[in-house]
Amino acid sequence: MTDFDPVIGLEVHAELLTRSKMFCGCAVVDSTAAEPNSSVCEICSGMPGSLPVINQRAVEYALRVALALNCSIAETSVFARKNYFYPDLPKGFQITQYEFPLATDGWIEIDDPSAPVSSKRVRIRRVHLEEDTGKLVHRERHSLVDYNRSGVPLLEIVSEPDLGSADQARLYSLSLRSLLRYLEVNSGDLEKGVMRFEANVSLRPAGSVELGTRTEIKNLNSFRALSRSIEYEIDRQATLLRSGKPVAQDTLGWNEEQQITVSQRSKEEAHDYRYFPEPDLPPLHIDETWVEQIRADLPELPAVKRARFMSEYGLNAYAAGVLTAERSTAAFYEAAIESSQGTSPVKIANWLSGDLFGLLNEAGVEIDQSKVTSEALAGLVALVETGQISAASGKAVLDVLFAEGGSPESVVEKEGLAQVQDQAAIRLIVEQVLSNNPDQVSEYLAGKPALSEWFVGQIMRETRGKADPARVRTELDAALLALNDQEQSQSGR
Amino acid sequence: MALTHEEVRAIAHLARLQLTDEEVERFAGQLSDVLDYAARLNEVDTSEISPTASVLPMNAPLRPDEVRPCPPRDQLLANAPDPAGGMFRVPRVLELEP
């Protein structure tokens, strides 16, 4: 049986978070929520005689992304018409970029935990600007068109076929999403359709350099659909090739219900888009000083921040990845360290990515809307680390902070969670527990040392988890030893 | 440069035009004449000239990202042959749908 290497390239479409559309002043609205056709004018509905004018911020956002992806910026790029008839495209053509895109030849490092070297460089072929299309709602006997999305600035990011598995494709698109959110050019809300994917998939015999026939899977709207459809397509092509059948070059869709790819090729003809330079738009000239200004204003990007978190805070690769995936999380973490006065950054990371993330996810709350402030988290971790409260109490305090806000110190006081450090108080409870459980004491003394754990449990229960476990153990051991000596001397008499 | 009838039919289809056989015949001749006329440009030596996307001596102007009011929806839908519920109703399309 022949083994095959998958060769995968991705096209990612990302809407840009501008206020107005790409070529007109209509507001960009949430196309999943707004009243249909409420933000549409003569330009984005393709009325004859209307003329497009380029949105400066859309160009700026595109340049941000292109620079963050290490691309070369074209001094002059050209908009082109892509001609086809489809009801979501009111003009009969889409304004896009074709021969002369805004930016080319970049790369992004993605984190691939399965690879021997954890980071993998994926080359970016091109980044270009275009306009989004309208939205179709299909009914039984007709379709309905809403042009609110028509003309929304859309960025297309095309990778080289450098991805070798569905998992790598998923990681690449996650990295892009993280990058777009860092750059504040896209919300990353996939369920609102602001990022869409197309995957080119082909197989070649393992070790071969020649490319096989590829298929293109269109309209993928979630990371799950992306990786599932690629996995399916790899299997489908491998089965064909193993039985000696060729793979047909094709455009495919992903059928979510059946979890299969389906051919979408029109029976009549392959698409013939007849691209030509957009006559209504002169070439786009990008001033170098503008580019340099945008470059200088770029924030610290996820990959760089992640490496810094590892070296500066001693985090492992996984924790650093989790804490830098979102800019807001990274900012929260660093603010917590800032206010912590020397608490271990690793401990803060554990509480943040473990317990607090758990609460946030469960409640569906973003970290910057959480009632737990970075100062409060840092304070809480410090209380646990200095032994003023137990780890179990720490979790209880966090629950209260998450629900009500406030400072950890005040919660500890109000809930009476301060750890019992008082040696005498602990000794009293130990003696009380031992005298209340004479049978277990006899068993212990008769040779069942494992029972000491049971005693610890009873004592902790008695103190409602507030006793310092180390002190409990010391006192318990001392008390048990005393009982043992007593027993020895009695039996020896 | 003579266009074949097949090519004329393909071009007509891309433009969503329905042509009779006589029209295909007539337009094949006319379109070929237009192409021959334009082909005279091939005689100019352009080996020293880089491809030109626009003859306008200007760069694309950029507009600030400001929202302008849109016309009311009634106005937008005034010319729609078959509006329904604030949307444009069209024959059911499925080609690009999974």
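Residues numbered from 1 in each chain as written. Chains lettered and ligands numbered in written order. Predicted model: local features only at pLDDT ≥ 70, side-chain atom pairs only at ≥ 80, totals over all residues. Heavy atoms only, no water.

(A) Examining the overall build of chain A more closely. Secondary structure assignment for chain A yields 15 helices and 17 strands. Computed over the C-alpha atoms, the radius of gyration of chain A is 31 Å, more than 25% above the 23 Å expected from 2.2 N^0.38 for a compact globule of 493 residues. The C-alpha extent of chain A, read off along each of the three principal axes, is 110 × 55 × 50 Å. Summarising the internal contacts of chain A: among those between residues at least 6 apart in sequence, 68% fall at separations of at least 24. Of the roughly 23,300 Å² that chain A leaves accessible, carbon and sulfur atoms contribute 49%. One finds the centroid of the 49 positive side-chain charges in chain A at a distance of 3 Å from the centroid of its 72 negative side-chain charges. (Helix = DSSP H or I, 4+ residues; strand = E, 2+ residues; numbered from the N terminus. Rg over C-alpha atoms; globule rule 2.2 N^0.38 Å. Contact = heavy atoms within 4.5 Å. Areas by Shrake-Rupley, 256 points an atom, 1.4 Å probe, with all protein chains shown as cover. Lys, Arg positive; Asp, Glu negative; His and termini not counted. Charge placed at Lys NZ, Arg CZ, Asp CG, Glu CD.)

(B) How the structure looks around the packing of aromatic side chains. This model, assessed by the stated rule, comprises twelve aromatic pairs over all chains. With a centroid separation of 3.5 Å and an interplanar angle of 5 degrees, the aromatic rings of A:Tyr98 and A:Tyr275 are classed as stacked. Note that A:Tyr98 is positioned in the loop between strand 6 (93-97) and strand 7 (103-111) and A:Tyr275 in the loop between strand 15 (260-263) and strand 16 (276-277), a separation of 177 residues in sequence. The exposure class of A:Tyr275 is partly exposed, given its relative accessible area of 27%. Relative to A:Tyr275, the ring of A:Tyr273 has its centre 6.0 Å away and its plane inclined at 70 degrees; by these criteria the two rings are edge-to-face. The rings of A:Tyr84, A:Tyr98, A:Tyr273 and A:Tyr275 are connected pair by pair, giving a single aromatic cluster. One residue, A:Arg81, lies across the ring of A:Phe93, its end atom 3.9 Å from the ring centre. Cation over ring: B:Arg26 sits above B:Phe27, and NZ or CZ is 5.3 Å from the ring centre. (Phe/Tyr/Trp six-rings, centres within 6.5 Å; stacked < 30°, edge-to-face > 60°. Buried < 20%, exposed > 50% of the residue type's maximum accessible area, 1.4 Å probe, protein only. Lys NZ or Arg CZ within 6 Å of the ring centre and 35° of its normal.)

(C) Quick peek at the pattern of salt bridges. Residues and elements named next belong to chain A. Tallying each qualifying case throughout the model produces 33 salt bridges over all chains. A salt bridge links Glu-278 to Arg-81; the nearest nitrogen and oxygen atoms lie 2.8 Å apart. Here the residue Glu-278 occupies a position in the loop between strand 16 and strand 17 (284-285), and Arg-81 occupies one in strand 5 (residues 79-83), the gap between them amounting to 197 residues. Like Arg-81, Glu-278 is buried. When the shortest N-O distance is used, the salt bridge between Asp-280 and Arg-81 registers 3.4 Å. Of this pair, Asp-280 sits in the loop between strand 16 and strand 17 while Arg-81 sits in strand 5, and the two are 199 residues apart along the sequence. Through salt bridges with shared partners, one network takes in Glu-300, Lys-305, Arg-308, Glu-312 and Glu-334. (Salt bridge = Lys/Arg side-chain N within 4 Å of Asp/Glu carboxyl O.)

(D) The arrangement of the domain arrangement of chain A in detail. Residue and element names in this part refer to chain A. If you check the domain split of chain A, you get domain 1 (4-294), domain 2 (301-415) and domain 3 (423-491). Between the C-alpha centres of domain 1 and domain 2 the distance comes to 36 Å. Between domain 1 and domain 2, the contact holds nine residues from the first and ten residues from the second. Summed over both sides, the interface of domain 1 with domain 2 buries roughly 860 Å², with 50% coming from carbon and sulfur. Joining domain 1 to domain 2, the criterion identifies three salt bridges. Residues Glu-184 and Arg-327 are paired through a salt bridge, measuring 3.8 Å at the closest nitrogen-oxygen approach. On inspection of domain 1 and its partner domain 2, the count reaches five residue pairs in polar contact (both at pLDDT 80 or more). Looking at the side of domain 1 that touches domain 2, the element that brings in the most residues is helix 2 (residues 166-182), giving five residues. (Domains from an automatic or database assignment. Buried area = accessible area lost by both parts, 1.4 Å probe. Polar contact = N/O pair within 3.5 Å; in protein donor to acceptor, adjacent residues only side chain to side chain.)

(E) Here's a closer look at unusual backbone geometry. Residue and element names in this part refer to chain A. With phi around 60 degrees, Asn-70 is a residue other than glycine that occupies positive phi space. Position of Asn-70 relative to the elements: it lies in the loop between helix 1 (56-68) and strand 3 (72-73). Looking at Asn-70, the relative accessible area reads 32%, which means it is partly exposed. Phi is positive for Arg-274, which is not a glycine, with a value near 45 degrees. Locating Arg-274 in the fold gives a position in the loop between strand 15 and strand 16. Its relative accessible area of 33% is what places Arg-274 among the partly exposed residues.

(F) How the structure looks around the interface of chain B and chain A. On the chain A side, the residues contacting the 35 residues of chain B number 58 residues. When the buried area of chain B at its contact with chain A is split by residue, B:Leu14, B:Arg63 and B:Asp65 rank highest and sum to 18% of it. Summed over the shared surface of chain B and chain A, the result is two salt bridges. A:Glu35 serves as the salt-bridge partner of B:Arg73, at 3.4 Å between the closest nitrogen and oxygen. At the surface where chain B touches chain A, the tally comes to 19 residue pairs in polar contact (both at pLDDT 80 or more). Among the elements that line the side of chain B that touches chain A, the one with the most residues is strand 3 (residues 87-91) of chain B, at five residues. As paired strands, strand 2 (residues 54-55) of chain A and strand 1 (residues 62-63) of chain B are joined by two bridges and run parallel to one another. (Pairing = 2+ DSSP bridges.)

(G) Spotlight on the sheet that holds strand 6 of chain A. The strand order across the open sheet built from three strands is 6-5-16 (chain A), with neighbouring strands paired in antiparallel fashion. At either end of the open sheet lies a strand with only one pairing partner, and these are strand 6 and strand 16 of chain A.

(H) A look at the sheet that holds strand 10 (residues 142-146) of chain A. Read from one edge to the other, the open sheet built from four strands follows the order 9(A)-10(A)-3(B)-2(B), with strand pairing classed as antiparallel. Looking at which strands have only one partner, the edges of the open sheet turn out to be strand 9 (135-138) of chain A together with strand 2 (83-84) of chain B. Bridge count for strand 9 of chain A against strand 10 of chain A is four bridges, and the pairing is antiparallel. Residue A:Leu136 lies in a different strand from strand 10 of chain A, and its bridge partner there is A:Val145.

(I) Highlighting the pairing of strand 14 (residues 250-255) of chain A. Residue and element names in this part refer to chain A. Extensive coverage of strand 14 is indicated by the burial of six of its six residues. Of the two faces of strand 14, both are covered, the one formed by Asp-250, Leu-252 and Trp-254 as well as the one formed by Thr-251, Gly-253 and Asn-255. The pairing of strand 13 (residues 215-220) with strand 14 spans three bridges and is classified as parallel. If you follow Thr-215 over to strand 14, its bridge partner there is Asp-250. The handedness of the strand 13 to strand 14 crossover, carried by helix 3 (residues 223-242), is left-handed. Here strand 14 runs beside strand 15; their pairing, made up of four bridges, is antiparallel. The partner of Trp-254 across the bridge, within strand 15, is Thr-261. Here strand 14 hands over to strand 15 after four residues, with Gln-259 in that stretch at a positive phi of 55 degrees. (Right-handed = clockwise from strand over helix to strand, strands pointing away.)

(J) Geometry of helix 3 of chain A. All names here are of chain A. For helix 3, with 20 residues, the first-to-last C-alpha span of 28 Å sits near the 28 Å given by 1.5 Å per residue. Of the residues making up helix 3, those classed as buried are Phe-223, Ala-225, Leu-226, Ser-227, Ser-229, Ile-230, Glu-233, Ile-234, Gln-237 and Ala-238. As for helix 3, its buried residues are in contact with strand 1 (4-15), helix 2, strand 12 (195-205), strand 13, strand 14 and strand 15. Of the residues flanking the end of helix 3, it is Gly-244, one or two places downstream, whose phi is positive at about 80 degrees. (Expected span 1.5 Å × (residues − 1).)

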